[in-house]
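Here is what each chain is made of, one letter per residue.
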Amino acid sequence: MAKIKTTFFCQNCGAQSPKWIGKCPSCGEWNTYVEEVIQKEEVGRGTWKASPAKEKRAAVPKRLQEINFEEQPRTVTKDAELDRVLGGGIVPGSLVLIGGEPGIGKSTLMLQIALSLPQLKVLYVSGEESEAQIKMRADRMQQFSDNCYVLSETNTQQIFQQIELLEPDLLVIDSIQTLHSQYVESAAGSVSQVRECTAELMKFAKETGVPVFLIGHITKDGSIAGPKVLEHMVDTVLQFEGDRHLSYRILRTSKNRFGSTNELGIYEMRTDGLRPVANPSEILLTQREEILNGVAIGAMLEGNRPLLIEIQSLVSPATYGTPQRSSTGFDSKRLNMLLAVLEKRGGMRLGQQDVFLNVAGGLRVDDPALDLAVCASLISSYEDHPVPGDLCFAGEVGLGGEIRAVHRIENRIAEAEKLGFKKIMVSKYAVKGLDLKKFKIQILQVSKLEEVYQRMFG
Ligand SMILES: [Zn+2]
């Protein structure tokens with residue numbers, strides 16, 4: 001009997017070590033090394049077929065001018081949000097990872113996409129759910145495709161056998177953590193299994209040109225469960241996020257070899273599936289009768305898309321000793337900085353005030369152009385005076401209380417105008433040299449925090 005060979009793997013970053021170590025020298029995490037059994041025999045590893053493909057001809061250098069570049073024909077789906085985050089449709093032979101917390105709706109999204117492409121033969125491999133459960137889910141969506149096949153299997157070699165028989169045009173794996181390859185002996189979901197299975201699928205995708213979507217579960221701290229290695233191996237990483245209790249879901253590109261990484265797709269979760277939201281600003285703004293204190297609208301950009309978003313805050317005297325600072329959807333360090341600036345430059349006494357800040361719709365935002373809306377919202381709550389309902393904001397606030405220019409201000413102004421706002425407050429440096437006559441919306445130009453108060457309520 002062959003001797004069993006084991007190695008220790010960091011469950012966080014995938015680094016290897018022949019012996020157990022407490023702190024990973026690669027990623028610095030503590031206590032992440034786990035012993036895994038690896039098979040001694042290395043023959044056949046990383047192949048997806050029983051008979052490996054013929055050796056390709058060795059590549060020879062070409063002159064740059066001689067290279068014919070043709071944009072690969074992408075498959076455009078019926079889902080405009082997915083096409084956008086992928087950079088314009090599905091690229092042949094690409095390996096796409098969809099990450100997200102369990103229960104957020106990754107399987108629903110992928111099944112829906114599989115069903116919406118009747119022109120393609122899609123194989124949906126599930127190690128999570130039985131065939132009957134998938135059928136029930138599909139029935140709820142009320143979408144039908146004659147070309148969608150379901151396979152309940154977790155062994156990669158078995159899956160590849162079925163693939164050779166079926167010859168699908170698109171492969172969905174739900175999820176990568178349930179797969180196991182017979183070439184590696186450790187348990188499904190372990191670092192070496194995830195890495196091996198991904199390598200086999202990668203090879204399959206590149207050799208056949210069939211695009212592969214992998215679903216991957218995310219751990220609580222936000223990383224894809226298991227190794228970061230997985231994120232390095234695939235072509236595209238999409239994060240599917242949102243609050244499970246809210247109906248909105250966000251699909252965000254965090255890596256893309258075939259497009260920009262700043263793109264964002266928004267979906268509404270309904271009983272019959274996920275509905276792409278074409279005009280997100282309308283849902284991110286609360287429909288309201290009366291104007292509340294502490295609410296301000298900011299014009300932000302996500303990727304190339306301008307979005308108007310509602311910032312809510314509550315500033316109230318602290319009753320239990322140390323004042324609380326809490327923020328949802330907005331960086332809390334940035335909030336603290338803005339509070340310090342408001343205190344120093346705006347003369348607000350915030351030392352004994354609780355401050356709560358919330359970005360509506362469960363979105364997480366990091367566009368500095370929202371600073372001005374955050375400040376306006378805080379001022380409004382502090383003063384108990386509502387921000388006028390027809391006013392929105394786009395500007396970065398500096399440490400000196402100066403209002404700084406933000407990029408692509410024209411897109412933000414145009415979006416505000418489109419949604420019926422009458423006034424937008426921006427940095428006066430942002431609109432220098434712009435032709436403002438083409439906008440009907442009134443543009444309030446400010447350069448200092450002191451002016452903001454005046455222009456808001458004056
Ligand atoms: Zn590590």
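Residues numbered from 1 in each chain as written. Predicted model: local features only at pLDDT ≥ 70, side-chain atom pairs only at ≥ 80, totals over all residues. Heavy atoms only, no water.

Asker: Please give an account of the pattern of salt bridges that cites residues and values.
Answerer: Counting across every chain of the model gives 17 salt bridges. Residue glutamate 268 pairs with arginine 275 through a salt bridge whose shortest N-O separation is 2.8 Å. For glutamate 268, a relative accessible area of 17% translates into the label buried. Bridged by salt links that share partners, the residues Lys206, Asp235 and Arg257 form one connected network. (Salt bridge = Lys/Arg side-chain N within 4 Å of Asp/Glu carboxyl O. Buried < 20%, exposed > 50% of the residue type's maximum accessible area, 1.4 Å probe, protein only.)

Asker: For the packing of aromatic side chains, give the residues involved together with the corresponding values.
Answerer: One pass over the full model with this rule turns up 3 aromatic pairs. Measuring from ring centre to ring centre gives 6.2 Å for phenylalanine 240 and tyrosine 267, while their planes differ by 75 degrees; the resulting arrangement is edge-to-face. With phenylalanine 240 in strand E9 (residues 236-241) and tyrosine 267 in strand E11 (residues 264-270), this residue pair connects regions lying 27 residues apart in the sequence. Across the pair, tyrosine 267 and phenylalanine 240 agree in class, each one buried. (Phe/Tyr/Trp six-rings, centres within 6.5 Å; stacked < 30°, edge-to-face > 60°. Helix = DSSP H or I, 4+ residues; strand = E, 2+ residues; numbered from the N terminus.)

Asker: Summarise the coordination of the zinc ion; cite the residues concerned and give the values.
Answerer: The reference angle at a metal is 109.5 degrees if four donors form a tetrahedron and 90 or 180 degrees if six donors form an octahedron. Coordination of the zinc ion by the protein involves Cys10 (SG), Cys13 (SG), Cys24 (SG) and Cys27 (SG), with metal-donor separations of 2.3 Å. Classification of the site at the zinc ion as tetrahedral follows from its 4 donor atoms and the range of 106 to 113 degrees in their angles at the metal. (Donors = N, O, S within 2.8 Å, 3.2 Å for Na, K, Ca; no water. Tetrahedral: all angles 85-135°; square planar, octahedral: opposite > 155°, others 65-115°.)

Asker: Run through the UniProt feature "binding site: ATP" (unreviewed entry) in the protein, naming residues and quoting values.
Answerer: Sequence positions flagged by UniProt for "binding site: ATP" (unreviewed entry) are, in local numbering, Gly100, Glu101, Pro102, Gly103, Ile104, Gly105, Lys106 and Ser107. Structurally, isoleucine 104 is set in the loop between strand E4 (95-100) and helix H2 (106-115). The exposure class assigned to isoleucine 104 is buried, which follows from its relative accessible area of 2%. Within the secondary structure, lysine 106 sits in helix H2. Beyond its immediate chain neighbours, meaning those up to four positions away, lysine 106 contacts Ile98, Gly99, Gly100, Glu101, Ile215, Gly216, His217 and Phe240. (UniProt positions renumbered as here; feature names shortened; annotations may be inferred. Contact = heavy atoms within 4.5 Å.)

Asker: Talk me through empty space enclosed by the protein; I want residue IDs and the actual numbers.
Answerer: Taken as a whole and judged by the stated rule, the model has 2 cavities of 30 Å³ or more. Volume-wise, the second largest cavity comes out at about 30 Å³. Lining of the second largest cavity is provided by Leu86, Gly89, Ile90, Val91, Ser94, Val96, Thr236 and Phe258. Of the residues contributing to the lining of the second largest cavity, the split by class is 5 nonpolar, 3 polar and no charged. (1 Å grid on protein atoms, 1.4 Å probe; cavity = no way out; pocket = protein on both sides within 12 Å on 5 of 7 lines; lining within 4 Å. Points joined across faces, edges and corners; volume = space filled by probe spheres on them. Nonpolar A, V, L, I, M, F, W, Y, C, P; charged D, E, K, R; others polar.)

Asker: Explain the packing of helix H8 (residues 332-345) against helix H9 (residues 371-383) residue by residue, including any values.
Answerer: It is the contact of H8 with H9, at a shortest axis distance of 11 Å, that shows an interaxial angle of 60 degrees. As judged from the angle between their axes, H8 and H9 are oblique. Crossing hand, H8 versus H9: right-handed. In this structure, H8 uses Arg334, Leu335, Leu338, Leu339 and Leu342 to contact H9, whose residues at the interface are Asp371, Val374, Cys375, Leu378 and Ile379. Grouping the constituent residues of the contact of H8 with H9 by class yields 8 nonpolar, no polar and 2 charged. (Axes fitted to C-alpha atoms, helices over the stretch in contact; angles between N-to-C directions. Parallel < 35°, antiparallel > 145°, perpendicular 65-115°, else oblique. Left-handed = near helix turned anticlockwise from the far one by under 90°.)

Asker: Any chance you could break down helix H4 (residues 156-166) for me, citing the residues and the numbers?
Answerer: Along H4, the positions that sit buried rather than exposed are Thr156, Gln157, Ile159, Phe160, Ile163 and Leu166. For H4, the secondary structure elements touched by its buried residues are strand E5 (122-126), strand E6 (148-152), strand E7 (170-174) and helix H5 (191-208). N-cap assignment for H4: the residue whose side-chain oxygen lies 2.8 Å from the backbone N of glutamine 157 is asparagine 155. Following H4 by one or two positions, glutamate 167 has its phi on the positive side, about 50 degrees. (Polar contact = N/O pair within 3.5 Å; in protein donor to acceptor, adjacent residues only side chain to side chain.)

Asker: Outline the sheet that holds strand E15 (residues 325-328), listing residues and values.
Answerer: The 7 strands are arranged E15-E16-E14-E13-E17-E20-E21 in an open sheet whose pairing can be described as mixed. The sheet terminates laterally at E15 and strand E21 (442-446), the two strands that pair on one side only. Taking each pair of neighbouring strands and ignoring which way they run, the sheet shows an average axis angle of 25 degrees. Across 5 bridges, strand E20 (residues 423-427) lies against E21 in parallel orientation. By the bridge assignment for E21, lysine 423 is matched with glutamine 442. (Pairing = 2+ DSSP bridges.)

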